[in-house]
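Below, each chain spelled out in residue letters.
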Amino acid sequence: MLANFDFDVIRRALPYLFYEGMTFTLTLTALAALGGLVFGTALALMRLSGLKTLGRIAGIYVDFMRSLPLVLVIFWFYFLVPYIGQWLTGASRPISVGAFASSLITFIMFEAAYFSEIMRAGIQSISRGQPAAASALGLTYAQTMRYVVLPQAFRNMLPVLITQTIVLFQDTSLVYVLSITDFLGAASKVAQRDGRLVEMYLFAAVVYFTISCIASFGVRRLQSRIAIIR
Amino acid sequence: MIEISHVNKWYSPTFQVLTDCTTSVTKGEVVVVCGPSGSGKSTLIKCVNALEPFQSGDISVDGTKVNDPKTNLPKLRSRVGMVFQHFELFPHLKIIDNLCLAQEKVLGRAHDKSVAKGMQLLERVGLKEQAQKFPAQLSGGQQQRVAIARALAMDPIVMLFDEPTSALDPEMVSEVLDVMVDLAREGMTMMVVTHEMGFARKVANRVIFMDRGEIVEDAPKDDFFGKPRSDRAQKFLSKILSH
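For chain B, the name recorded in an unreviewed UniProt entry is Amino acid ABC transporter ATP-binding protein, with Bradyrhizobium campsiandrae as its organism. Under the heading Function (unreviewed entry), UniProt records this for chain B: "Involved in beta-(1-->2)glucan export. Transmembrane domains (TMD) form a pore in the inner membrane and the ATP-binding domain (NBD) is responsible for energy generation."

By the naming in an unreviewed UniProt entry, chain A is ABC transporter permease subunit, taken from Bradyrhizobium campsiandrae. UniProt lists a comment for chain A under the heading Sequence similarities (unreviewed entry), and it reads "Belongs to the binding-protein-dependent transport system permease family. HisMQ subfamily."

Next up, the structure:
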């Protein structure tokens, strides 16, 4: 069976796959994870703020995002954002939003829902005495969060956050619905062009597997290094 | 310095934790608050720097009303040192950074000045060598001494102690009490919730005895240990002094 394999197809496609495809995938993953973490932390703080309205808004948002399939959100968002932009700015025609910007916003909003639940658990894992001690020293609520609670919550949750980012890394392949050339998209294009579906998809699988595996391994190493000594 | 008048606090409409508590702590005074567990003494001391809200009555610290919504609470708290039962050092920061954080972020002190102040206080509590360690690398007694140093770094006008030795192993109690005794003798105004009657005897000016959310007895130290007026205080004393 292997005799029919044309590994040279892969070799020839490598620059395209990695320079174009993988660069896009990694950029999207990194930016979406960062944005999702910031937005997600904000959502978590809203839910834990004790202000009912604010907490409910965040809660509804999180539940809403988590009950929709990601592909659908990506797809819808791509078509909706131009019109939302038009509505917001009062322009006469739909705002043109590139596929990258659209997918980035989608992933940030979608991942924020998941990151917020992780950060919420992280914040709740910190004993109530910690914010009390910070307040007693005169730190404001914002300072208490910034210097005492969030750094601890983030470190406690880092393994879970990275695991979620690995899932995000795999999920970015769903941008194929927007015909974006991410890593899988690039592999798929070469596969269609050269009629080498088996080789290309197999290679793509190996690459995703390898990167995710190394990252998971890295999480375990990191965990022991960054963990707060208790 | 601290004026507490007619403070009432309910956790729910049917559960009252503080009932009409009235007392005061004057400048330079050391007041020990004791009483059986669940009597509301920790809650009362946490009301003083507004870590716990209360529904009626007034508390003022150095003339500033704690329960006034217009009061800048962070500013008030920065002048009131507090030491907790479970130390509450920040585990992600080194000892010296625990002492510097609030100095820099709240008082706006320069980093080198904060460090100098922090080191001076660590030396005072005998822990200068531990400055670069993390809290979990220290024993309970050492952690509590760091917590006292952390509170002192803010140059507080009054210190609140909420059962500072209750979470310690017996052999570490005295090292913490020694620091507190020194502090009291230097003239620090202190309100101390504790069961350490030896400490009360040594340095307290007054002893407050609480039971079921009420201040049952508020008397000069010698009167309290000599002849407590209430039955409840007598019973309590006989229980904790019998061995």
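Chemist: Help me understand the packing of helix 1 (residues 7-48) of chain A against helix 2 (residues 52-66) of chain A in this model?
Modeler: For any two helices packed against each other, one specifies the crossing angle of their axes together with the interaxial distance. Residues and elements named next belong to chain A. Viewed as axis vectors pointing N to C, helix 1 and helix 2 meet at an angle of 130 degrees, and their least axial separation amounts to 7 Å. Comparing the axis directions of helix 1 and helix 2 gives the class oblique. The way helix 1 lies across helix 2 gives a crossing that is left-handed. Side by side, helix 1 and helix 2 meet where Phe39, Leu43, Met46 and Arg47 of the first sit next to Leu54, Gly55, Ile57, Ala58, Gly59, Tyr61 and Val62 of the second. Grouping the constituent residues of the contact of helix 1 with helix 2 by class yields 8 nonpolar, 2 polar and 1 charged.

Chemist: Help me understand the confidence of the model for chain A in this model?
Modeler: Do not read the fine detail of predicted coordinates wherever pLDDT is low. Within chain A, residue pLDDT values average 89, and 97% of them lie at 70 or more. By mean pLDDT, helix 3 (residues 70-89) of chain A is the weakest element of chain A at 86, and helix 5 (residues 129-136) of chain A is the strongest at 95.

Chemist: Explain the pattern of salt bridges here, please?
Modeler: Any two side chains of opposite charge can pair, so long as their charged atoms come close to each other. Tallied over the entire structure, the rule returns 19 salt bridges over all chains. Through salt bridges that share partners, Asp8(A), Arg11(A) and Arg12(A) make up one connected network.

Chemist: Help me understand the interface of chain A and chain B in this model?
Modeler: Put simply, an interface is often sized by how much accessible area is lost when its parts join up. Of the residues lining the interface, 21 residues belong to chain A; the matching set on chain B comes to 22 residues. Note on chain A versus chain B: buried area summed over both sides is about 1900 Å², and carbon and sulfur give 70% of it. There are 0 salt bridges connecting chain A and chain B. Across the contact surface, chain A and chain B share 5 residue pairs in polar contact (both at pLDDT 80 or more).

Chemist: Help me understand the packing of aromatic side chains, please; the structure alone is not making it clear to me.
Modeler: Think of a pair of aromatic rings as described by two things: how far the centres are apart, and how the planes are tilted against each other in angle. Residue and element names in this part refer to chain A. Under the definition given, this model contains 12 aromatic pairs over all chains. Between Phe18 and Phe183, the aromatic rings sit 5.4 Å apart at their centres with planes inclined by 55 degrees, giving tilted as the arrangement. In this pair, Phe18 is assigned in helix 1 and Phe183 in helix 7 (residues 183-194), connecting sequence segments 165 residues apart. Accessibility expressed as a relative area gives 32% for Phe18, which makes it partly exposed. Between Phe75 and Phe79 the ring centres are 5.1 Å apart and the planes differ by 75 degrees, which places this aromatic pair in the edge-to-face class. In this pair, Phe75 and Phe79 both sit in helix 3, 4 residues apart, roughly one turn of the helix. Among the residues examined, Phe79 registers a relative accessible area of 44% and is labelled partly exposed. By the ring-pair criterion, three or more aromatic residues cluster together here, those being Phe18, Phe169, Phe183, Phe203 and Tyr208.

What counts as what
Chains are numbered independently. Their residues run from 1 in the order of the written sequence. Throughout, the order in which chains and ligands are written sets their labels, letters from A for the former and numbers from 1 for the latter. The predicted nature of this model means local features are confined to residues of pLDDT at least 70 and side-chain atom pairs, given and counted, to a pLDDT of 80 or more, with totals for whole chains, interfaces and linings taken over all residues. Each side-chain value is worked out from all heavy atoms of the structure, with water and hydrogens disregarded. UniProt positions are given in the numbering used here, feature names are shortened, and annotations may be inferred rather than shown by experiment. Lines fitted to C-alpha atoms define the axes, with helix axes restricted to the stretch in contact, and inter-axis angles between N-to-C directions lie between 0 and 180 degrees. We count a stretch as a helix when DSSP gives it H or I for four or more residues in a row; a strand needs E for two or more, and each element gets its number in order from the N terminus. Small angles under 35 degrees read as roughly parallel and large ones over 145 as roughly antiparallel, with 65 to 115 read as roughly perpendicular and the rest as oblique. A crossing counts as left-handed when the near helix is turned anticlockwise from the far one by less than a right angle, and as right-handed when that turn is clockwise. Contacts between residues were defined by any pair of non-hydrogen atoms, one from each residue, lying within 4.5 Å. Here the nonpolar group is Ala, Val, Leu, Ile, Met, Phe, Trp, Tyr, Cys and Pro; Asp, Glu, Lys and Arg are the charged ones; every other residue, Gly included, is treated as polar. Values of pLDDT, the confidence the predictor places in each residue, fall between 0 and 100. The term salt bridge refers to a pairing of a side-chain nitrogen on Lys or Arg with a carboxyl oxygen on Asp or Glu at a separation within 4 Å. Accessible area that two parts lose when put together, with a 1.4 Å probe and added across both, is what the buried area reports. Contacts described as polar in this section are N or O atom pairs within 3.5 Å, which, within protein, must combine one atom able to donate a hydrogen with one able to accept it, while residues neighboring in sequence count only if both atoms come from side chains. Pairing of aromatic rings covers Phe, Tyr and the six-membered ring of Trp, with a centre-to-centre limit of 6.5 Å; geometry is then stacked below 30 degrees between planes, edge-to-face above 60, and tilted otherwise. With a 1.4 Å probe rolled over the protein chains alone, any residue whose accessible area is under 20% of its type maximum counts as buried; one over 50% counts as exposed, and the rest are partly exposed.

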